[in-house]
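# Examining the three-dimensional arrangement
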Amino acid sequence: MRAYFTDPLKLLKKLDLTAQQMNFSPTAESQFSFKVPAAFVNKIQRGKIDDPLLQQIFPVQQELNHQTDYQKDPLDEVNSLSRPGLLQKYHGRALLLVTPNCAVNCRYCFRRHYPYADKGHLWKQIKHNIQLIKQDSSISEVILSGGDPLSLADDKLADLLKSLESIKHIKRIRIHTRFPVVEPERVTRQLIETLTHSKLQIIMVLHINHAQELGRDNQNAIAGLRVRNITLFNQSVLLKGVNDTLEDLIQLSEALIKHQIIPYYLHMLDKVQGSAHFEVNEQEAMMLYQQLRAQLPGYMLPRLVREIPGEKSKRPIY
Ligand SMILES: *Cc1c(COP(=O)(O)O)cnc(C)c1O
Ligand code: SF4
């Protein structure tokens, strides 16, 4: 934990930038706290205001410009939660929120206002939710989400996997995580053992938005997962000022394939309050995507999608 940056001004000092240059906003910070692992910070370029990694994590004044179509709960998750901590929107899949904690706090996060504490999305809820999964034989895949499920200690994660393993109709576990990218040291030998001792097939969906996030320090972590038969996918969010150029998207796909990570989704931004300055509109997105399609082999092309509350799957934009 000591290797985390939690003070934006300390980060700026390290990067030779000033609060004015960055439009720093303490109010924005107080609405969604600042937290970045040192491994991610090490990949931010010094003195570069528009660095694509810095843009993802730095609390700025633009977050306070509220727009009416940007809401606190854009996917209507809180209301659809008859069962706190368990989201079941799509056929065969249940999404289990296992922790409110993340390795990094991304400013555009659609759960940035999520009332984890008062909705009881905590460890004690999980046992109950596992019972609910057990009672529903239509579920074959459990997606661990949060927060970031790898925030859990290894023994808790092992317990969780064991209880899911005991359910006959579960075939696969999917883990949505940023840890192997932003904090590769989290991928310890013990974690790999825990994951691969499971009888269930493990799929990991990483979240990488820019090629610059993948450095040498990620190689071991990613290879460690891959050689143990964990299938690796990636999802990104299309973000203005981060990855909204053809070149950025091509480089991202190239970097992913080099690490044998399959580009899975390129998400349109969810309209969460405080993130409007990241918006790439649908027309711009489609134009970019057409160009991307003309450049890349099919297997390097993520699916451009938007999440629509109430729909049975993510909606393709192209
Ligand atoms: C995105 C999502 C999933 C997974 O969808 P896939 O298309 O299978 O990746 C599952 N449950 C919820 C609630 C989701 O938002
Ligand atoms: S890691 Fe994912 S859940 Fe956590 S803040 Fe970033 S986008 Fe949100």
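Now for a look at the structure at hand. (Residues numbered from 1 in each chain as written. Chains lettered and ligands numbered in written order. Predicted model: local features only at pLDDT ≥ 70, side-chain atom pairs only at ≥ 80, totals over all residues. Heavy atoms only, no water.)

Moving on to the sheet that holds strand 11 (residues 315-316). Ordered in space as 3-4-5-6-7-8-9-10-11, the nine strands form an open sheet in which the pairing is mixed. The open sheet has two edge strands, strand 3 (86-87) and strand 11, and neither has a second partner. Sheet topology note: the strand 7 (residues 201-207)/strand 8 (residues 231-237) ladder contains five bridges and is parallel. Counted as the bridge partner of valine 205 is phenylalanine 233 from strand 8. Taken strand by strand, helix 7 (residues 154-165) contacts strand 4 (93-97), strand 5 (141-145) and strand 6 (172-177), and its axis lies near 160 degrees from that of strand 5. (Pairing = 2+ DSSP bridges. Helix = DSSP H or I, 4+ residues; strand = E, 2+ residues; numbered from the N terminus. Contact = heavy atoms within 4.5 Å. Axes fitted to C-alpha atoms, helices over the stretch in contact; angles between N-to-C directions.)

Let's shift gears to unusual backbone geometry. At the junction of glycine 146 and glycine 147, the peptide bond is cis and its omega measures out at 15 degrees in the coordinates. Mapped onto the secondary structure, glycine 147 falls in the loop between strand 5 and helix 7. The phi angle at asparagine 23 is positive, at roughly 55 degrees, despite the residue not being glycine. Position of asparagine 23 relative to the elements: it lies in the loop between helix 2 (19-22) and helix 3 (26-31). For asparagine 229, which is not glycine, the phi dihedral falls at a positive 65 degrees.

Turning our attention to the site of ligand 2. In the vicinity of ligand 2, the contacting residues are Cys102, Val104, Asn105, Cys106, Cys109, Arg178 and His207. For the shell around ligand 2, the residue count by class is four nonpolar, two polar and one charged. (Near = heavy atom within 4 Å. Nonpolar A, V, L, I, M, F, W, Y, C, P; charged D, E, K, R; others polar.)

Here the focus is helix 1 (residues 8-15). Of all the residues in helix 1, the buried ones are Pro8, Leu11, Leu12 and Leu15. Along the long axis of helix 1, the arc covered by the buried residues comes to 100 degrees, so they all point the same way. Within helix 1, the exposed residues directed more than 90 degrees away from the buried face are Lys10 and Lys13. Buried residues in helix 1 make contact with strand 1 (4-5), helix 2, helix 3, helix 4 (38-41) and helix 5 (52-57). Two or three places before leucine 9, at the start of helix 1, stands the capping residue aspartate 7, its side-chain oxygen 2.9 Å from that residue's backbone nitrogen. Once helix 1 ends, the next one or two residues include aspartate 16, with phi positive near 60 degrees. (Buried < 20%, exposed > 50% of the residue type's maximum accessible area, 1.4 Å probe, protein only. Arc of directions from axis to C-beta. Polar contact = N/O pair within 3.5 Å; in protein donor to acceptor, adjacent residues only side chain to side chain.)

With that settled, consider the site of ligand 1. Lining the immediate environment of ligand 1, one finds Lys89, Tyr90, Arg93, Leu95, Ile143, Arg174, Tyr264, Tyr265, Glu307 and Lys314. Separating an oxygen atom of ligand 1 from a side-chain N or O atom of arginine 174 is a distance of 2.8 Å. Tyrosine 265 has a polar side-chain atom sitting 2.6 Å from an oxygen atom of ligand 1. For ligand 1, whose free accessible area comes to 390 Å², the fraction covered by protein is 90%. Of all the secondary-structure elements, those providing two or more residues to the shell around ligand 1 are strand 4 and strand 9 (262-267). Tallied by class, residues from the shell around ligand 1 come to five nonpolar, no polar and five charged. (Areas by Shrake-Rupley, 256 points an atom, 1.4 Å probe, with all protein chains shown as cover.)

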